[in-house]
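# An overview of the molecular structure
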Amino acid sequence: MSTSASGYIVLLGAPGAGKGTQAERLEKDIELPHIATGDLFRAALKQQTELGKLAQSYMDRGVLVPDDVTIAMVKERFGQADASRGAILDGFPRTVEQAVALDSILAERGAGVTIAPYIKVSTDTLLARLAGRWVCRGCGAVYHMLYSPPAREGVCDSCGGELYQRSDDTPETHLKRIQVYLEETAPLIEFYRDRGLLAEVDGEQDIEGVYADLLRLVRGATQSSS
Ligand code: ADP
Ligand code: ADP
Ligand code: ZN
């Protein structure tokens, strides 16, 4: 069953927590667009735009793209019609400065963040998830070679596209990204807790278990606020 909802959902969690995986499912059920800044940067890179080339130099090192660049890109994405009722934000905001910018982008349209589900996962689990991640070149669907394998090795179940491992999915970059997360992004947990928007989800469960908890929280928040 799919119900349309309205509201801006900020998915929090470390790299590998499962934000993209959960957002793919949520997008179908609640009919709000999935906006992932990592995907936007990778799309820009594929088209070899200046933005894409600039972003790549940061992504390959596992550090964040500067806030001004990221915020400008998100503002543009928010200008598209599909985001007028709400969105599922995955990988944005990643710094307090981005969270403050998001509040002002939403305030301009008389809205605000509806809920910030935090998918909580241990570092060991993050590393195991990141190490086995494969992504579809065609549609961006996320797989794991052990936990969520495709029916045919190397081929996407939904679009038949080729699966690949991201160039920033290397053991060295994983540790760097988790460190950057702890320093720059983890403060957002308190930021949203202080505003009464944080909702913790036990991310150690399997994909369906996490999704059941997440969907319940999101439905509760998006329906009561619309
Ligand atoms: P993951 O799913 O592993 O967390 P993402 O696809 O979200 O990775 O992000 C990949 C890279 O893109 C990050 O390591 C960072 O360099 C860049 N990036 C994505 N989102 C942001 C953001 N909001 N601010 C700055 N950099 C970002
Ligand atoms: P994020 O977007 O937070 O970086 P992803 O959604 O890309 O995380 O998930 C990272 C990897 O972990 C992927 O290979 C995905 O298939 C796998 N994964 C996601 N959620 C779970 C889960 N609950 N249990 C096991 N594996 C998972
Ligand atoms: Zn695909």
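Within any chain, residue numbers begin from 1 and follow the written order of that chain's sequence. Here chains are named by letter from A upward and ligands by number from 1 upward, in the order in which they appear as written. The predicted nature of this model means local features are confined to residues of pLDDT at least 70 and side-chain atom pairs, given and counted, to a pLDDT of 80 or more, with totals for whole chains, interfaces and linings taken over all residues. Side-chain metrics in this entry use all non-hydrogen atoms of the structure; hydrogen atoms and water are not considered.

### Here we look at the coordination of the zinc ion (ligand 3)
To keep things clear, this is the line we draw: As a rule, N, O and S atoms within 2.8 Å of a metal are its donors, except that Na, K and Ca use 3.2 Å; water is not among the atoms, so sites may look incomplete. Working rule for geometry: tetrahedral if four donors all subtend angles between 85 and 135 degrees; square planar for four, octahedral for six, if opposite donors exceed 155 degrees and the others stay between 65 and 115; irregular in every other situation. What counts as a helix is a DSSP run of H or I of at least four residues, what counts as a strand is a run of E of at least two, and both are numbered from the N terminus. Accessibility here uses a 1.4 Å probe with only protein chains present; expressed as a share of the type maximum, an area under 20% marks a residue as buried, one over 50% as exposed, and anything in between as partly exposed.
The coordination sphere of the zinc ion (ligand 3) contains the protein donors Cys-136 (SG), Cys-139 (SG), Cys-156 (SG) and Cys-159 (SG), at a distance range of 2.3 to 2.4 Å. Geometry at the zinc ion (ligand 3) is tetrahedral, judged from the 4 donor atoms that bind it and their angles of 96 to 116° at the metal. Site description for the zinc ion (ligand 3): donor spacing in sequence, C-x2-C-x16-C-x2-C. Linking Cys-136 in strand S5 (residues 133-136) with Cys-159 in the loop between strand S6 (142-144) and strand S7 (163-164), this pair joins segments that are 23 residues apart in sequence. The exposure class of Cys-136 is buried, given its relative accessible area of 3%. Taking the relative accessible area as the measure of exposure, Cys-159 reaches 42% and is therefore partly exposed.

### Comments concerning the pattern of salt bridges
Opposite charge on two side chains permits pairing when their charged atoms draw close. The test is simple: The working definition used for a salt bridge is a side-chain nitrogen of Lys or Arg within 4 Å of a carboxyl oxygen of Asp or Glu.
A full pass over the atoms with the stated rule returns 13 salt bridges. We note a salt bridge from Lys-120 to Glu-200, for which the minimum N-O separation is 3.8 Å. Here Lys-120, found in strand S4 (residues 113-120), pairs with Glu-200, found in strand S8 (residues 198-202); they are 80 residues apart in sequence, far enough to count as distant. We classify Lys-120 as partly exposed; its relative accessible area is 43%. The closest approach of N and O atoms between Asp-168 and Arg-177, which form a salt bridge, is 3.7 Å. Arg-177 carries the same exposure label as Asp-168, and that label is buried. Salt bridges sharing partners connect three or more residues here, namely Arg-133, Arg-166, Asp-168, Asp-169 and Arg-177.

### Brief notes about the site of ligand 2
Defined as follows: When we say a residue is near a molecule or strand, we mean one of its heavy atoms is within 4 Å of it. Pairs of N or O atoms are called polar contacts if they sit within 3.5 Å, as long as, within protein, a hydrogen donor faces a hydrogen acceptor (for residues adjacent in sequence, only side-chain-to-side-chain pairs). All accessible-area figures derive from a Shrake-Rupley calculation using a 1.4 Å probe, and residue coverage is judged against the displayed protein chains alone. Residues are grouped as follows: nonpolar covers Ala, Val, Leu, Ile, Met, Phe, Trp, Tyr, Cys and Pro; charged covers Asp, Glu, Lys and Arg; every other residue, Gly included, is treated as polar.
Around ligand 2 lies a shell of 18 residues, among which Gly-16, Lys-19, Thr-21, Arg-133 and Tyr-143 are the nearest. Arg-129 has a polar side-chain atom sitting 3.3 Å from a nitrogen atom of ligand 2. If ligand 2 stood free it would expose 560 Å²; the protein chains cover 93% of that surface. Sorting the residues of the shell around ligand 2 by element identifies helix H1 (19-30), S6 and helix H9 (207-224) as the ones contributing at least two each. Taken together, the residues of the shell around ligand 2 sort by class into 8 nonpolar, 6 polar and 4 charged.

### Side note on helix H6 (residues 123-131)
Cut-off, in case you're wondering: By construction, the arc corresponds to the directions joining the helix axis to the C-beta atoms. Between two residues, a contact is recorded if the distance between any of their heavy atoms is within 4.5 Å.
Buried residues of H6: Thr-125, Leu-126, Arg-129 and Leu-130, and no others. Relative to the axis of H6, the buried residues are bounded by an arc of 130° and lie together on one face. Packing partners of the buried residues in H6 comprise S5, S6 and helix H7 (171-185).

### A look at the packing of aromatic side chains
Using the following cut-off: Each pair of aromatic rings taken from Phe, Tyr and Trp, with Trp reduced to its six-membered ring, is defined by centres within 6.5 Å and is described as stacked if the planes are under 30 degrees apart, edge-to-face if over 60, and tilted in the remaining cases. By definition here, charges over rings are those cases where NZ of Lys or CZ of Arg is within 6 Å of the ring centre and within 35 degrees of the ring normal.
The tally for this structure, following the rule as stated, stands at 2 aromatic pairs. Here Tyr-8 and Phe-78 contribute two aromatic rings whose centre-to-centre distance is 5.8 Å and whose plane-to-plane angle is 40°, an arrangement assigned as tilted. Highlighted residues: Tyr-8 in strand S1 (residues 7-11) and Phe-78 in helix H4 (residues 67-78), separated in sequence by 70 residues. Like Tyr-8, the residue Phe-78 is buried in the burial classification. Look at Phe-191 and Tyr-192: their rings are 5.0 Å apart centre to centre, the planes differ by 80°, and that puts the pair in the edge-to-face class. For Phe-191, a relative accessible area of 9% translates into the label buried. One Lys or Arg, Arg-137, reaches over the ring of Tyr-164 and ends 4.4 Å from the middle of that ring. Here Arg-195 stacks its cationic end above the ring of Phe-191, 3.5 Å away from the centre of that ring.

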